[in-house]
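# Structure assessment
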Amino acid sequence: MQRTSFSGMACSIARTLDVIGEPWSPLVLRDVWVGLNRFDQIQADLGISRKVLTERLGHLVEQGVLERHPYDQRPRYEYRLTQKGTELVDLLMVMTRWGDRWLAGETGPPVLYRHHACGEISGVDLRCDRCGEPMHAGDVDPQPGPGTAA
């Protein structure tokens, strides 16, 4: 089944979904981020079919989110996040915050994050890149930008 492409829409959310909107892609990115870099590792962790994983990895490489690096003569590859991919992981961390708050239940979050700078276990918080204050949906008014559709 052919997916609808959102890449031509004048909407950053739609364009981002064109890259990672398929349900397996964020999980593949998560696995690469935590150090599962080889096809067989990712496939075993996710229980995803080889065909689907091949398609997802190819798409993420094509989009510049992952890079393939050979690790033996067959050839076999490991996958590494690019800068573009690392910034997408920031988005996944915000999704994690939401999931921890609303879906973790009484047992609590499945993963904790230790911040390198202070050494403390912390959650993710959106901040304004100008003033540093918290910035959430109720704290902003969307305005037309230079890329607004005519």
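Details of the structure are given in the entry above.
The paragraphs below set out a description of the structure included in this document. What you see is a predicted model; the values in this text were computed from it and never measured.

### Things to note about the layout of surface pockets
Considered as a void within the structure, the largest pocket measures approximately 830 Å³ in volume. Surrounding the largest pocket, 25 residues form its lining, Leu91, Leu92, Met93, Met95 and Thr96 being those nearest its centre. Only α1 (12-20), α2 (24-33) and α5 (83-102) provide two or more residues apiece to the lining of the largest pocket. Sorting elements by how many residues they give to the lining of the largest pocket places α5 first, with nine residues.

### Quick notes on helix α3 (residues 39-46)
Turning to α3, its buried residues number three or more, namely Phe39, Ile42 and Leu46. Buried residues of α3, seen end-on, are gathered within an arc of 70 degrees and therefore sit on one face of the element. Those residues of α3 that are buried lie in contact with α2, α4 (50-62) and β2 (76-81).

### Comments concerning a nonpolar patch on the surface
A surface patch of nonpolar side chains, amounting to about 430 Å² of accessible area, comprises Trp98, Trp102 and Leu103. The residue Leu103 is located in the loop between α5 and β3 (113-114) in this model.

### What to know about the pairing of strand β1 (residues 66-72)
Relative to β2, β1 runs antiparallel, the two being bridged by six bridges. Its bridge partner lying in β2, His69 is registered against Glu78. Linkage of β1 to β2, two consecutive antiparallel strands, is achieved through a turn of three residues.

### A look at the pattern of salt bridges
Should their charged atoms come close, side chains of opposite charge can pair. Here the structure, examined in full by the defined rule, presents 12 salt bridges. Notably, a salt bridge pairs Arg38 with Glu78, separated by 3.8 Å at the nearest N-O pair. In this pair, Arg38 is assigned in the loop between α2 and α3 and Glu78 in strand β2, connecting sequence segments 40 residues apart. For Arg38, a relative accessible area of 33% corresponds to the partly exposed category. Note that Arg97 is salt-bridged to Asp125, the shortest N-O span being 3.5 Å. In this pair, Arg97 sits in helix α5 while Asp125 sits in the segment after β4 (121-122), placing the two residues 28 residues apart along the sequence. Overall, the relative accessible area of 32% leaves Asp125 in the partly exposed class.

### Some words on the environment of Leu126
With respect to the helices and strands, Leu126 occurs in the segment after β4. Under the relative-accessibility criterion, Leu126 is labelled partly exposed at 39%. C-alpha of Leu126 to C-alpha of Val94: the two residues are 32 residues apart in sequence and 7.9 Å apart in space. When sequence neighbours within four positions are dropped, the list of residues in contact with Leu126 reads Val94, Arg97, Glu133, Pro134, Met135 and His136.

Quick notes on the rules
- Here the residue numbers are simple positions, counted from 1 along each chain's written sequence.
- Restriction of local features to residues with pLDDT of at least 70 applies here, the model being predicted, together with a cutoff of 80 or more for giving and counting side-chain atom pairs; totals for whole chains, interfaces and linings are based on all residues.
- Excluding hydrogens and water, the side-chain figures rest on all heavy atoms present in the structure.
- In this analysis, the protein atoms alone were mapped onto a 1 Å grid. Cavities are point sets where a 1.4 Å probe fits without being able to get out; pockets are open sets with protein on both sides within 12 Å along at least five of seven lines; lining residues have an atom within 4 Å of a point.
- Grid points are joined across faces, edges and corners, and a volume is the space filled by probe spheres set on the points.
- Note on conventions: DSSP H or I runs of at least 4 residues are helices, E runs of at least 2 residues are strands, and numbering of each starts at the N terminus.
- Exposure is judged per residue with a 1.4 Å probe applied to protein chains only, and the accessible area is read against the type maximum: over 50% gives exposed, under 20% gives buried, and values in between give partly exposed.
- Of all possible arcs, the one meant is that of the directions from the helix axis to the C-beta atoms.
- In what follows, residue pairs with any heavy atoms lying within 4.5 Å of each other are defined as contacts.
- Each patch groups residues whose relative accessible area exceeds 30% and which form no salt bridge, using 9 Å between like charges and 5 Å between nonpolar side chains of Val, Leu, Ile, Met, Phe, Trp and Tyr.
- Residue-level accessible areas treat just the shown protein chains as cover; the underlying method is Shrake-Rupley with a 1.4 Å probe.
- Salt bridge, as used here, is a side-chain nitrogen of Lys or Arg placed within 4 Å of a carboxyl oxygen of Asp or Glu.
- Strand pairing is assigned whenever DSSP detects at least two bridges linking the two strands.

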